[in-house]
Each structure stands twice: as structure tokens, then as C-alpha cells.
Amino acid sequence: MRLRIFTEPQQGADYDTLLKVAKATEDLGFDAFYRSDHYLAMGDSDGLPGPTDAWITLAGLARETSRIRLGTLMTAGTFRLPGTLAIQVAQVDAMSGGRVDFGLGSGWYEAEHTAYGIPFPREKFGRLEEQLEIITGLWKTPVGAKFDYEGTYYQLKDCPALPKPHQERIPVLVGGMGAKRTPKLAARYADEFNVPFASPADSERQFDRVRAAAEERGRDASELTFSNALVACVGKDDAEVARRAAAIGREVDELKENGLAGTPEEVIDKIGRYGELGSTRIYLQILDLSDLDHLALIADQVQAKLS
């Protein structure tokens with residue numbers, strides 16, 4: 001089981017804050033630093049000092065880290081055209097020396113689209129399918145060849161399909177709880193399938209759907225990596241757990257029910273339940289980015305014992 005750090009900067013974090021967290025992620029031996037792709041705070045947060053762009057952030061971190069993988073849960077398919085997104089991701093991959101993972105989702109938060117004047121299309125899933133086909137197609141087109149695409153939502157003609165990523169194949173993440181179309185999309189494009197903020201029982205059902213879709217497509221389901229994203233709130237004792245829960249405006253009992261909360265021993269036990277389902281990566285949603293001692297505790301008392 002590998003642990004990855006997952007941040008939500010739209011809730012209020014500038015680049016310098018994210019850099020500190022990313023460097024702590026690397027120094028403490030975690031596997032990867034991920035961030036959300038949002039432009040508007042949610043809930044009661046004022047979001048100050050304002051949003052940061054996911055791929056601009058990752059480009060900066062690509063030059064200021066050396067080991068950790070970098071990625072998004074998930075890049076919003078509504079924010080960027082697929083051709084330019086393919087260029088951006090390939091460039092950040094080159095800047096990092098081949099440490100990028102590419103998570104792409106359909107986009108869902110209508111309010112941020114309204115706030116920043118971004119179109120919010122009615123048919124998002126069909127666009128996501130075409131985006132994945134275009135982006136992966138551009139990356140695998142041989143140098144010197146051209147890429148053409150005629151879809152319902154996107155058309156490309158005589159595209160040089162450049163630049164190429166540093167990696168021969170950038171790992172693609174697909175996720176979500178859709179019962180039919182999502183598993184089929186994962187079976188076709190994904191290297192990793194992620195279930196966000198779900199119980200072990202719900203995760204198991206979705207993993208099984210994806211495995212079945214892979215087998216139906218003639219793909220060995222064991223080729224897929226399965227992962228979960230869960231909020232983390234860990235303390236050396238009950239008092240510290242309660243303090244960290246209060247700092248993010250959550251109740252301890254709710255966090256224990258819906259996330260990874262409690263003492264290191266409690267958290268290790270719950271992670272084991274996800275591991276029994278075939279999950280091999282956990283994305284720890286860290287909501288208080290000023291509390292680097294939280295990361296240090298998880299690294300020393302959870303990650304070290306898992307590995």
C-alpha cells in the first residue's frame with residue numbers, strides 16, 4: 001500500500017504553501033503529491049488568497065521536487081481544450097523528468113464555471129470520452145506523423161501531435177462512482193481507477209464493475225491499479241484527533257465513518273480493509289495545509305508500518 005498526499009488548494013492556499021507541502025511530501029517519503037483542479041472554494045471557506053491553476057502549480061513543483069509523482073484528482077474536462085491540455089501535461093512531464101500522472105474527469109462544479117465565465121456543457125461525459133481519445137492519441141502518434149480526429153464535440157486536422165511526454169506512456173487515471181459508463185471508460189483508457197470518498201463496501205462494488213468491464217473488453221483486470229481517496233485526520237491520541245478535526249470544521253465520529261481518522265493504529269486497520277479489496281494506493285486528502293506535523297505523524301506512524 002502506497003500513500004499519496006492530496007490537497008484542495010481552492011479552499012485557500014497560495015503556491016508557496018503548496019510548495020512547502022510538496023517538499024514535505026517528498027522529504028517524508030510519500031509516493032506523490034496531488035491536487036484538485038478547482039477555481040472556487042466550497043463550503044464556508046473564503047478561499048483566500050484565491051485559486052491557483054492546477055497545471056501551472058504542477059509545472060512549478062516539477063522543477064522544485066525530484067522524486068515524487070505529480071498529478072491531479074481530477075483535471076476538469078470542462079476547463080481546457082484537449083489539444084492544448086495534451087501540450088500542457090506533456091510539457092510538465094518533461095519538466096519533471098517523467099513524474100506526471102494524468103487524472104481526467106468530466107467536471108461537475110457548476111458554480112465555479114459561472115463565477116469565471118467557463119462554459120458548463122450539458123453533455124460532459126461524451127466530451128470526456130473524446131478528450132481521453134484525443135489526448136492519449138496525440139501522445140502515442142509517432143513523431144513526424146499527423147493526428148486527425150473527427151468527433152461530435154472536437155475536431156483536429158493535421159495536428160503534429162507535439163510535444164511528446166518524457167515518459168513513453170503517462171499513466172492515466174479515471175475515477176468515479178458511475179455504474180455503467182465510467183467502468184467502460186476505465187477499461188478502455190485507464191492505468192489506474194480511483195474511487196473517491198467511498199466506504200469499503202461501495203469501493204468493492206465499483207472495483208468489481210471495473211474489473212468486469214475490463215474482462216468484457218478482453219483486458220486483464222490485473223493490469224489496472226485500484227486506489228481510493230479519503231480525508232485524513234490522524235492524531236497520536238484522541239485529543240489530537242479532536243483538535244485536527246476541529247481545525248477543518250469536521251466531527252470526529254463523521255470522519256471515522258467516512259474517512260481515515262483516529263490514532264495511527266485505527267487508521268492502519270481501516271486502510272487494511274481497503275487493501276483487502278485490491279486497493280494499493282490511498283490518496284490522503286489533507287485539508288489543513290499549515291499542519292506539517294500531521295504529515296510527519298502519518299509518515300512515521302502509518303506509512304512506515306504499512307511498508
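### Details of the overall build of the protein chain
Argument step 1. Helix and strand counts for the protein chain stand at eleven helices and twelve strands.
Argument step 2. For 307 residues, the compact-globule estimate of 2.2 N^0.38 gives 19 Å, and the C-alpha radius of gyration of the protein chain, at 19 Å, lies within 12% of that figure.
Argument step 3. In the protein chain, 73% of the contacts between residues at least 6 apart in sequence involve partners at least 24 apart.
Argument step 4. Counting only carbon and sulfur atoms, one obtains 49% of the accessible surface of the protein chain, whose full area is about 13800 Å².
Argument step 5. When the 36 positive and 47 negative side-chain charges of the protein chain are each reduced to one mean point, those points stand 5 Å apart.

### Observations regarding the nonpolar core
Argument step 1. Counting 74 residues, the largest nonpolar core has W55, F102, L284 and I298 as its most contacted members.
Argument step 2. Sequence-distant contacts of W55, that is, excluding residues within four places in its chain, are made with T72, T75, R80, L85, V89, V92, V100, D101 and F102.
Argument step 3. Formed by eight residues, the second largest nonpolar core is a distinct cluster that contains F6, A32, Y34 and Y283.

### Observations regarding the side chain of T182
Argument step 1. Relative to the elements of secondary structure, T182 occurs in helix α6 (residues 181–189).
Argument step 2. Once you skip the residues sitting within four places of it in the chain, T182 turns out to touch F125, V174, G175, G176, F193 and Q206.

### A few points about empty space enclosed by the protein
Argument step 1. Per the stated rule, a full pass over the model turns up one cavity of 30 Å³ or more.
Argument step 2. Surrounding the largest cavity, L3, A232, V234, L260, V267, I271, L284, I298 and V302 form its lining.
Argument step 3. Of the residues contributing to the lining of the largest cavity, the split by class is nine nonpolar, no polar and no charged.

Basis of the calculations
Residues numbered from 1 in each chain as written. Predicted model: local features only at pLDDT ≥ 70, side-chain atom pairs only at ≥ 80, totals over all residues. Heavy atoms only, no water. Helix = DSSP H or I, 4+ residues; strand = E, 2+ residues; numbered from the N terminus. Rg over C-alpha atoms; globule rule 2.2 N^0.38 Å. Contact = heavy atoms within 4.5 Å. Areas by Shrake-Rupley, 256 points an atom, 1.4 Å probe, with all protein chains shown as cover. Lys, Arg positive; Asp, Glu negative; His and termini not counted. Charge placed at Lys NZ, Arg CZ, Asp CG, Glu CD. Core = buried A, V, L, I, M, F, W, Y, C linked by side-chain atoms within 4.5 Å. Buried < 20%, exposed > 50% of the residue type's maximum accessible area, 1.4 Å probe, protein only. 1 Å grid on protein atoms, 1.4 Å probe; cavity = no way out; pocket = protein on both sides within 12 Å on 5 of 7 lines; lining within 4 Å. Points joined across faces, edges and corners; volume = space filled by probe spheres on them. Nonpolar A, V, L, I, M, F, W, Y, C, P; charged D, E, K, R; others polar.

No statement about biological role is implied by the geometric values presented.
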